[in-house]
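Now for the letters of each chain:
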Amino acid sequence: KGSESEVRTDGEAASDSETKQDSGVPEIPPTADDTPEVLNKALSGLSSRWRNWWVRGILTLAMISFFFLIIYLGPIVLMMIVLCVQIKCFHEIIMIGYSVYHSYHLPFAALPCRYFLLCVNYFFYGETVTDYFFTLVQREEPLRILSKYHRFISFAMYLTGFCMFVLSLVKKHYRLQFYMFGWTHVTLLIVVTQSHLIIHNLFEGMIWFIVPISCVICNDIMAYMSGFFFGRTPLIKLSPKKTWEGFIGGFFATVVFGLLLSYVMAGYRYFVCPVEFNNDSNRFTVDCEPSDLFQLHNYGLPAVLQSLTGWKTVRMYPFQIHSIALSAFASLMGPFGGFFASGFKRAFKIKDFANTIPGHGGIMDRFDCQYLMATFVNVYIASFIRGPNPSRVMQQLLALRLDQQLHIFNSLKAHLVDKGLLSAIEEAA
């Protein structure tokens with residue numbers, strides 16, 4: 001009994017100290033219920049648990065349908081959608097910090113945040129255009145000048161914002177203003193930097209964009225449904241509704257889904273070819289000769305699987321093997337992005353980042369796992385898939401003096417002759 005009372009006393013003391021520590025956190029008013037009136041009337045006879053299930057389900061189907069639509073519209077539209085989602089996620093996080101800042105009615109409260117968002121996007125999108133669309137940049141004189149001095153312009157823009165912030169400091173509110181300055185930069189790091197990686201994945205081929213995002217969506221849905229119907233064992237205190245049954249069910253469903261989706265998409269050039277700019281048609285194209293990664297191969301099965309299935313080999317795309325790694329990360333590590341977001345919301349005593357999507361919360365509530373997934377995919381491609389970037393090499397070569405270019409040409413010619421490639425080409429010509 002003594003030990004029980006000691007534990008209780010320690011727990012009470014901990015909760016009291018935690019309350020005191022959190023006493024400085026602003027009370028953000030709860031978000032209103034934005035569920036459409038039609039759904040409220042149709043589901044009025046159901047319990048809150050089943051009502052929430054139907055609302056989430058209907059809105060999930062609507063979002064998936066919208067996802068299919070933007071895929072059909074092509075990679076450039078997808079890039080614009082990613083930018084819009086990024087801005088909305090940035091706005092939702094900034095507004096949580098701004099709720100404290102705004103209470104003091106300080107001047108130019110939101111301007112520095114938006115300006116730094118503009119600077120960072122200018123830098124990242126400029127880098128992307130230079131890397132992936134070098135021929136387009138070299139053809140247009142204004143773009144060539146902007147590309148050449150891109151990093152200097154980006155730094156000058158940031159330096160301007162930095163000076164604006166220093167000049168806007170108000171006596172007695174220094175700490176609060178530096179708090180918002182730090183809040184803005186951390187948000188830029190979490191949201192803008194990782195959303196830029198989504199764009200990079202997209203330009204490697206739409207399959208590197210669609211499969212990871214779809215795996216995260218599948219894991220969210222199947223983990224929710226497995227937990228809803230079979231969940232009994234709590235998984236983590238940060239998210240009391242998450243269960244081990246949902247976590248495990250989501251894992252197996254996501255791996256199977258990733259294999260099937262990869263098999264379907266790997267057969268279409270529209271999904272596997274990198275996004276490139278065609279000088280002849282003046283359009284962005286996704287047409288190429290698929291790499292070996294998207295060619296069917298025969299793979300021998302282990303003895304255990306041979307005895308179970310009766311098959312000695314299985315015919316599949318190499319990309320499907322990579323999809324297992326993507327699916328496993330989406331189901332095992334991706335949820336930690338959600339747990340991080342749950343801890344963040346608990347720290348500021350809010351249920352959702354916003355009420356943009358009824359039953360789901362804000363846009364950031366849907367993309368908390370996607371950003372972590374995008375970073376993993378980008379690192380995975382750079383580590384195991386992508387080689388040197390020919391466009392970047394060509395960009396560096398053309399920036400050299402003519403005598404340096406001639407020296408590299410002679411060296412490359414000698415190398416190709418030594419390998420026997422150049423002579424074979426000349427004979428064929």
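Relevant structure appears above.
Being a predicted model, the structure only gives us computed values, none of them experimental. (Residues numbered from 1 in each chain as written. Predicted model: local features only at pLDDT ≥ 70, side-chain atom pairs only at ≥ 80, totals over all residues. Heavy atoms only, no water.)

So, unusual backbone geometry
- Phi is positive for K172, close to 75 degrees, though the residue is something other than glycine.
- Positionally, K172 belongs in the loop between helix 8 (150-167) and helix 9 (174-203).
- We note that K349 has phi near 55 degrees; this positive angle belongs to a residue other than glycine.
- Its place among the elements puts K349 in the loop between helix 15 (334-347) and helix 16 (363-385).
- Since its relative accessible area comes to 38%, K349 is described here as partly exposed. (Helix = DSSP H or I, 4+ residues; strand = E, 2+ residues; numbered from the N terminus. Buried < 20%, exposed > 50% of the residue type's maximum accessible area, 1.4 Å probe, protein only.)

Some points on the side chain of S239
- Within the secondary structure layout, S239 lies in strand 2 (residues 239-243).
- Take S239: its relative accessible area is 7%, and that puts it in the buried class.
- A polar side-chain atom of S239 sits 3.0 Å from a polar atom in the side chain of S342. (Polar contact = N/O pair within 3.5 Å; in protein donor to acceptor, adjacent residues only side chain to side chain.)

Some remarks on the nonpolar core
- Counting residues in each nonpolar core, the largest one holds 74 residues, and the members touching the most others are I207, W208, F209, I210, V211, F294 and F319.
- Apart from residues no more than four positions distant in its own chain, I210 is found in contact with F67, I71, M265 and F271. (Core = buried A, V, L, I, M, F, W, Y, C linked by side-chain atoms within 4.5 Å. Contact = heavy atoms within 4.5 Å.)

Thoughts on the packing of aromatic side chains
- On inspection of all chains with the given rule, the structure shows 26 aromatic pairs.
- Ring plane angle 80 degrees and centroid distance 5.2 Å describe the contact between F165 and F178, whose orientation is recorded as edge-to-face. Taken together, the residues F165 in helix 8 and F178 in helix 9 connect sequence positions 13 residues apart.
- When the centroid spacing of 5.3 Å and the interplanar angle of 90 degrees are considered together, the rings of W183 and F348 count as edge-to-face. Note that W183 is positioned in helix 9 and F348 in the loop between helix 15 and helix 16, a separation of 165 residues in sequence. F348 carries the same exposure label as W183, and that label is buried.
- These aromatic residues form a ring-pair network of at least three members: Y115, F116, Y158, F162, F165, F178 and F181. (Phe/Tyr/Trp six-rings, centres within 6.5 Å; stacked < 30°, edge-to-face > 60°.)

Details of helix 15
- Taking 1.5 Å of rise per residue, the 14 residues of helix 15 would be expected to cover 20 Å, and the 21 Å separating its terminal C-alpha atoms lies within 8% of that figure.
- Within the sequence span of helix 15, burial applies to G334, P335, G337, G338, F339, A341, S342 and K345.
- Buried residues in helix 15 make contact with helix 10 (207-230), strand 1 (234-236), strand 2, helix 11 (244-265), helix 14 (318-332) and helix 16.
- Positive backbone phi, at 55 degrees, marks K349, one or two positions downstream of helix 15. (Expected span 1.5 Å × (residues − 1).)

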